[in-house]
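What follows is each chain in one-letter form.
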Amino acid sequence: MQNSGGSEPKNSCDIGVIGLGVMGKNLALNLADHGYQVACFDLDAKRIDAIVAQDKKENGAESSRIVPVHTLKALRSALVSPAVILLSIPAGKPVDQVCEQLIEAGINTDDVIIDTGNSLWSDSVAREQRFADNFLFFTTAVSGGEVGARFGPSLMPSGSEQAWERVGPMLKAIAAKVDPDTGKPIETTTPGQPVKDGEPCAAYIGPNGAGHYVKMVHNGIEYADMQLICEAYQIMRVALAMSPSEIAAVFRRWNQGALDSYLIEISAEVLDQTDPETQAPLVDVILDKAGMKGTGLWTAVSALQTGSPAQTIAQAVFARSLSALKDERVEAEKVLAGPAVETVSETQRETVIKQLEHALYCSKICAYAQGFQLMKAAAAEQGWTLHFAEIAKIWRAGCIIRAVFLQSISNAFDRDIELPNLLVDPFFAEQIATHQQDWRATVALSAVQGVACPAMMSALSYYDSYRTAVLPANLLQGQRDFFGAHTFSRTDKPAGEKYHIEWSDPSRPLQLI
Ligand SMILES: NC(=O)C1=CN([C@@H]2O[C@H](COP(=O)(O)OP(=O)(O)OC[C@H]3O[C@@H](n4cnc5c(N)ncnc54)[C@H](OP(=O)(O)O)[C@@H]3O)[C@@H](O)[C@H]2O)C=CC1
Ligand SMILES: O=C(CO)[C@H](O)[C@H](O)COP(=O)(O)O
């Protein structure tokens, strides 16, 4: 159905979209490219006009494939029954408000509302229960930013299987696609010519909450991946005295190998960009205060709550927090001493860059290992059955962390569905064994040079802790028992048996508690 923008048709649209911001507008156009009739609503009528205009322009047509609607009631009336409505609005209260307004607008109990925002996973669990008598609340977390939403995002759907049966074909259609033979993304950025073949980067994750949890961890990994790349940049910039464009060239080279990823690719683009106003490298005029919307923070909090070690992800969050203390850092630089060292000589440069490439790769393996370990812990806690090979597969294209490396992760979980940690998969264990000396040399160099690399260092400590059969937690347990009678288990007795030393008694007797 074509629409000139004036009429509000009845019962003909396949799907409605509420919220025509960065993501919603592009998801709607993506749906239209796949042949769905889309009714679009936003609080701001200008955004509704804008999507109609953009659609006409992209298609060189007189009329738009988008059906504009100006009230939620009109939106519901425009849709076939049972209806499917996709929300692309800020997470939190707005989602509850719009759900309430949809009830008032006459939504039916068998209509499906899909929240596509970065909602907190526990909110999604609560919403399904809260709205159970009103409609089917479903979610699909989306990754891929503006371009992903337009031409193929990675989707992490969750909710009732009944709703998934209905919305699955639509979500699979608009998702990014991967060549099943190579595992590589099949890309397009041409409006009206969507990729139809290939494996879709959309797979049912599980009950409500599971999809948003997986997306949250995706973002936590995204934070770590970005921070690790930034640390590699900083080491080259400070310790090797390289220019942004020289570093961009290194990233482009790395992008041909194991580090091949969207984030490396865009980092090179950013570093090569000149500021149109000053002609300086753009990176030098971007203020070094990192923003964040919260999903990485939620991941770190969840890791702490589930007792799942995800220090590299947490360090990436802290690195953003520390970056925000710009004024304090400027003052601290004037008074706090760093090491008195020369930058690395030009003759050493290539060796150090090779070591850095391997350090980044090993650290990245650890960040992903932490993310998957966290999802495993959460799945056990929540009773979800998460298919990790499938999750790695749907991250191969469309999303921000898309990378060649995800195929290796998927293979690892295919080899062993119960794999406790990616680090012990034979492929990854061998990769780290091969490259660990370079990783250690890089971390040592950064310490000697006084270049902060919190994520890389924490990843190495994670690796060294994880491979250590006896950690100093034995001394820690002794300390706890000393000051608080917190008891300890013994290596030579069943783990369930608790012991205490009567520390105040000079003879320090051992008691079985
Ligand atoms: N941007 C990104 O890269 C990604 C974003 N996301 C998530 O997707 C969601 C949308 O993000 P994004 O498109 O970037 O955000 P935008 O701010 O660009 O767009 C949000 C849209 O929602 C509309 N809106 C807000 N409140 C309401 C309401 N109560 N009723 C109806 N419409 C409302 C806004 O309307 P108006 O401004 O006209 O008032 C706006 O059009 C968020 O949850 C975000 O976290 C997920 C993945 C990637
Ligand atoms: O979900 C996303 C991509 O996957 C968003 O881009 C995300 O919001 C970015 O997070 P932040 O603003 O905290 O850096």
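Residues numbered from 1 in each chain as written. Chains lettered and ligands numbered in written order. Predicted model: local features only at pLDDT ≥ 70, side-chain atom pairs only at ≥ 80, totals over all residues. Heavy atoms only, no water.

Here is the rule: UniProt positions are given in the numbering used here, feature names are shortened, and annotations may be inferred rather than shown by experiment.
For the protein, the name recorded in an unreviewed UniProt entry is 6-phosphogluconate dehydrogenase, decarboxylating, with Alteromonas lipolytica as its organism. The record in UniProt for the protein states the following under Catalytic activity (unreviewed entry): "6-phospho-D-gluconate + NADP(+) = D-ribulose 5-phosphate + CO2 + NADPH". Under the UniProt heading Function (unreviewed entry), the note attached to the protein is "Catalyzes the oxidative decarboxylation of 6-phosphogluconate to ribulose 5-phosphate and CO(2), with concomitant reduction of NADP to NADPH."

Points about the overall build of the protein
Filter applied, for reference: To qualify as a helix, a DSSP run of H or I must reach at least 4 residues; to qualify as a strand, a run of E must reach at least 2; elements of each kind are numbered from the N terminus. This radius of gyration counts C-alpha atoms alone. The globule rule is 2.2 Å times how many residues there are, raised to the power 0.38. Think of it in three bands: with a 1.4 Å probe and only protein chains considered, a residue is buried below 20% of the maximum accessible area for its type, exposed above 50%, and partly exposed in between.
Of regular secondary structure, the protein possesses 20 helices and 12 strands. Taken over the C-alpha trace, the protein has a radius of gyration of 26 Å; the compact-globule value for 513 residues is 24 Å, and the two agree within 12%. In terms of overall dimensions, the protein has a C-alpha envelope of 85 × 65 × 50 Å along the principal axes. In the protein, which comprises 513 residues, the share counted as buried stands at 50%.

Topic: the sheet that holds strand β10 (residues 199–200)
To keep it simple, the criterion reads: Pairing between two strands is assigned when DSSP locates at least 2 bridges connecting them.
Taking strand neighbours across the sheet as the criterion, the 3 strands line up as β9-β8-β10 in an open arrangement whose pairing is antiparallel. On the outer flanks of this sheet lie β9 (185–186) and β10, each paired with one strand and no other.

Section: the packing of helix α12 (residues 295–306) against helix α13 (residues 311–324)
How two helices sit against one another is set out by the angle between their axes and by the gap between those axes. In plain terms, the rule: A fitted line through C-alpha atoms represents every axis, and for helices the fit uses only the stretch in contact; the resulting angles, taken between N-to-C directions, go from 0 to 180 degrees. An angle counts as roughly parallel when it lies under 35 degrees, as roughly antiparallel when it exceeds 145, as roughly perpendicular when it falls between 65 and 115, and as oblique in every other case. Definitions for this section: a left-handed crossing has its near helix turned counterclockwise from the far helix by less than a right angle. A right-handed crossing has that turn clockwise. In this description, contact between two residues means that some pair of their heavy atoms is separated by no more than 4.5 Å.
At their nearest, the axes of α12 and α13 sit 9 Å apart, and the two run at 135 degrees to each other. When the interaxial angle is binned, α12 and α13 end up oblique. Of the two elements, α12 crosses α13, and the hand of that crossing is left-handed. Residues G296, L297, T299 and A300 of α12 touch α13, and the partners they reach there are I313, A314 and V317.

Things to note about the layout of surface pockets
Test applied: Any residue with an atom within 4 Å of a point lines the site, the site being either a cavity, points on a 1 Å grid over the protein atoms alone where a 1.4 Å probe fits but cannot get out, or a pocket, an open set with protein on both sides within 12 Å along at least 5 of 7 lines. Grid points are joined across faces, edges and corners, and a volume is the space filled by probe spheres set on the points. Amino acids outside the nonpolar list (Ala, Val, Leu, Ile, Met, Phe, Trp, Tyr, Cys, Pro) and the charged list (Asp, Glu, Lys, Arg) are all regarded as polar, and Gly is one of them. The domain limits used here are those given by an automatic or database domain assignment.
The calculated volume of the largest pocket comes to roughly 1,900 Å³. C230, Q234, D288, S323 and R329 are the residues nearest the centre of the largest pocket, which is lined by 44 residues in total. Mapped by element, the contributors of at least two residues to the lining of the largest pocket are α8 (210–239), α10 (262–272), α11 (282–285), α13 and α14 (326–335). Broken down by element, the residue count for the lining of the largest pocket peaks at 10 residues, all from α8. Tallied by class, residues from the lining of the largest pocket come to 27 nonpolar, 8 polar and 9 charged. Considering the residues around the second largest pocket, the lining is formed by 42 residues, among which M23, I89, G117, N118 and K293 are closest to the centre. When residues of the lining of the second largest pocket are traced back to their parent elements, those giving at least two are α1 (22–33), α4 (93–104), β6 (136–143), α8, α10 and α12. Residue contributions to the lining of the second largest pocket peak at 5 residues, all from α8. Here the lining of the second largest pocket is built from residues that sort into 22 nonpolar, 14 polar and 6 charged. Counting only domains with at least three residues in the lining of the second largest pocket, you end up with domain 1 (15–208) and domain 2 (212–466).

A word on the sheet that holds strand β3 (residues 66–68)
Taken in spatial order, the 7 strands line up as β3-β2-β1-β4-β5-β6-β7 in an open sheet, and their pairing is mixed. Two strands bound the open sheet, and with one partner strand each, they are β3 and β7 (154–158). Strand-to-strand twist in this sheet, taken as the mean axis angle between neighbours without regard to direction, amounts to 25 degrees. Pairing of strand β5 (residues 112–115) with β6, which is carried by 4 bridges, proceeds in the parallel orientation.

What about the environment of K364?
Considering the arrangement of structural elements, one finds K364 in helix α15 (residues 346–382). Distance in space between the C-alpha atoms of K364 and I229 is 9.3 Å, their sequence separation being 135 residues. Setting aside residues up to four positions removed in sequence, K364 forms contacts with D225, L228, L259, S261, A403 and F405.

A closer look at the environment of G24
Positionally, G24 belongs in helix α1. Residues G24 and C13 lie 11 residues apart in sequence; the distance between their C-alpha atoms is 16 Å. Sequence-distant contacts of G24, that is, excluding residues within four places in its chain, are made with V17, G19 and S88.

Here's the deal with the UniProt feature "binding site: substrate" (unreviewed entry) in the protein
When the UniProt feature table is mapped to this numbering, "binding site: substrate" (unreviewed entry) covers N118, S143, G144, G145, H218, N219, Y223, K293, R320, R480 and H486. Over a stretch of 369 residues, the named residues are scattered through the fold, their C-alpha atoms separated by up to 48.6 Å. Restricting the annotated residues to those that line the largest pocket leaves Y223 and R320. Tracing the sequence through the fold places K293 in the loop between α11 and α12. Relative to the elements of secondary structure, H486 occurs in the loop between α20 (473–484) and β11 (499–501). Setting aside chain neighbours within four positions, we find H486 in contact with R480 and D481.

Describing empty space enclosed by the protein
Inspection of the entire model under this criterion finds 3 cavities of 30 Å³ or more. By volume, the largest cavity amounts to about 60 Å³. Surrounding the largest cavity, 13 residues form its lining, N30, H34, F151, P194 and V195 being those nearest its centre. Of all the elements in the fold, those that place two or more residues in the lining of the largest cavity are α1, α6 (145–151) and α7 (161–174). Split into classes, the residues belonging to the lining of the largest cavity amount to 6 nonpolar, 4 polar and 3 charged. Approximately 40 Å³ is the volume found for the second largest cavity. Forming the boundary of the second largest cavity are Y204, I205, T385, L386, H387, E390 and I391. Split by residue class, the lining of the second largest cavity holds 4 nonpolar, 2 polar and 1 charged.

Considering the UniProt feature "domain: 6-phosphogluconate dehydrogenase C-terminal" (unreviewed entry) in the protein
The UniProt record annotates "domain: 6-phosphogluconate dehydrogenase C-terminal" (unreviewed entry) at residues 211–504. As annotated, residues 211–504 comprises 66% helix and 1% strand, and the C-alpha atoms at either end are separated by 52 Å.

Focus: the pairing of β7
Burial analysis of β7 places 5 of its 5 residues in the buried class, the great majority of the element. Because side chains alternate across β7, one face comprises the buried residues S154, M156 and S158, and the other comprises L155 and P157, equally buried. Here β6 runs beside β7; their pairing, made up of 5 bridges, is antiparallel. Across the sheet, V142 pairs through a bridge with L155, a residue of β7.

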